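# Structure at a glance
Here are the chains, one letter per residue:
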Amino acid sequence: MPADLHCHTKLSDSSMGIDDLIVLAQKKGITTIAITDRDCQAGTVRGKIIGERRGITVIPGVEITAYDAKRGRSVDILGYLCDSPDRLEGLCHRNIVSRKKASQLITLKIARKYPITPELVLKCATGSTAVFEQHIMHALLECGMTDKIYGELRNELFSPDSPENVLVKVDFPDPVQVIEAIHEAGGIAVLSHPGANDSFELMEELVSKGILDGVEVWHPDNTDEQQAMLIKFAHANGLLTTGGTEFMGMYSKRPITVGEYSTPDAAVKALMSYKAKMKKKKAATENK
């Protein structure tokens, strides 16, 4: 059955609350979703409870932002099925604090040029654990400075290639540190949408270190050619494969709804049985 393993809620950078997300999944015939809010695990318990009422399986997850210093770009690591999610709270909190500091500076920069206020931005971010780019763009939309979240104004302000950009470097942890933290929490670490961040070299490095559990294959930012390559790479290296829309309601980069990108049944089963398989493998190795 369809499984969208990459969904965000209003707790991070989506416009849609947990309840509405699960109702939408039900109406779309999606039987399994994963709530993977950015640097936030607060919605997983509530999501599971509401999902059970609606007949939707909700897999607990999180998407943690990291910084690939070697290539000078941010990357995202998905963490699934953590046995001790509280062990990730410190890392998530540090990311949230860093993001809040950066967003304050970005808002002040934009306020010098456009008629928005920090108070309006915070109103647009109500319910979220941090202020994201989408919330700032929402404030600009409210003020009539643009008619869309993504477009020319967004590129002017947030594209690294724009001479007018207002970007502020955020202090995110190294990808290896994030993966190790997910493992310490008893979770499964999956490299998120390599096509969006051009993270293919990093993916190979993480595999060579023997620490990556899987890679996100089916995602709107991965081209068909990249998906085929990722499937081949995953099979060759014993990696899990996952997929999802990275649904963010009206904050999504393109018109897309839950389940338009999904994970095949076999891949979902492999994810759900992965930790038991690894425990058996470890026990067999130790007994030799």
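Only a predicted model underlies this, so the values are computations on that prediction, with no experimental measurement involved. (Residues numbered from 1 in each chain as written. Predicted model: local features only at pLDDT ≥ 70, side-chain atom pairs only at ≥ 80, totals over all residues. Heavy atoms only, no water.)

## Brief notes about the sheet that holds strand β1 (residues 3-7)
- Taken in spatial order, the seven strands make up an open sheet running β1-β2-β3-β4-β5-β6-β7, and their pairing is mixed. Each end of this open sheet is capped by a strand with a single partner; those strands are β1 and β7 (240-243). With strand direction ignored, the average angle separating the axes of adjacent strands in the sheet is 35°.
- With four bridges connecting them, strand β6 (residues 214-218) and β7 associate as parallel partners. Bridge pairing in β7 places Glu-216 opposite Thr-242.
- Helix α1 (residues 18-27) contacts β1, β2 (32-35) and β3 (57-68) of the sheet and is inclined by roughly 155° relative to β2.
- The sheet contacts of helix α7 (residues 175-184) involve β3, β4 (73-80) and β5 (188-191), and relative to β3 the element is tilted by about 150°. (Pairing = 2+ DSSP bridges. Helix = DSSP H or I, 4+ residues; strand = E, 2+ residues; numbered from the N terminus. Axes fitted to C-alpha atoms, helices over the stretch in contact; angles between N-to-C directions. Contact = heavy atoms within 4.5 Å.)

## Overview of the pattern of salt bridges
- Evaluated as defined, the whole model comprises 17 salt bridges.
- Notably, a salt bridge pairs Arg-154 with Glu-133, separated by 2.7 Å at the nearest N-O pair. Here Arg-154 is found in helix α6 (residues 152-158), whereas its partner Glu-133 is found in helix α5 (residues 133-142), with 21 residues between them in sequence.
- The exposure class assigned to Glu-133 is partly exposed, which follows from its relative accessible area of 22%. (Salt bridge = Lys/Arg side-chain N within 4 Å of Asp/Glu carboxyl O. Buried < 20%, exposed > 50% of the residue type's maximum accessible area, 1.4 Å probe, protein only.)

## Observations regarding the side chain of Thr-65
- With respect to the helices and strands, Thr-65 occurs in strand β3.
- Polar side-chain contacts of Thr-65 include one of 3.3 Å to the side chain of Asp-76.
- At 3.1 Å, the side chain of Thr-65 and the side chain of Arg-99 are in polar contact. (Polar contact = N/O pair within 3.5 Å; in protein donor to acceptor, adjacent residues only side chain to side chain.)

## A word on the pairing of β5
- Alternating residues of β5 divide into Ile-188 and Val-190 and Ala-189 and Leu-191, and every residue in both groups is buried.
- In the sheet, β4 pairs with β5 via four bridges, with the strands oriented antiparallel. Residue pairing in the sheet places Gly-79 in a bridge with Ala-189 of β5.
- Judged from the two bridges that link them, β5 and β6 form a sheet pairing that is parallel. The partner of Val-190 across the bridge, within β6, is Gly-214.

## A look at the nonpolar core
- By size, the foremost hydrophobic cluster in this structure holds 31 residues, and its most contacted members are Ile-64, Leu-88, Ile-182, Met-203 and Leu-212.
- Mapped by element, the contributors of at least two residues to this core are β3, β4, α3 (89-111), α7, β5, α9 (200-208), β6 and α10 (224-237).
- If you tally residues by element for this core, the top one is α9, at five residues.
- In contact with Ile-64, other than residues within four places in its own chain, are Asp-39, Val-75, Asp-76, Ile-77, Leu-88, Leu-91, Cys-92, Asn-95, Val-178 and Ile-182. (Core = buried A, V, L, I, M, F, W, Y, C linked by side-chain atoms within 4.5 Å.)

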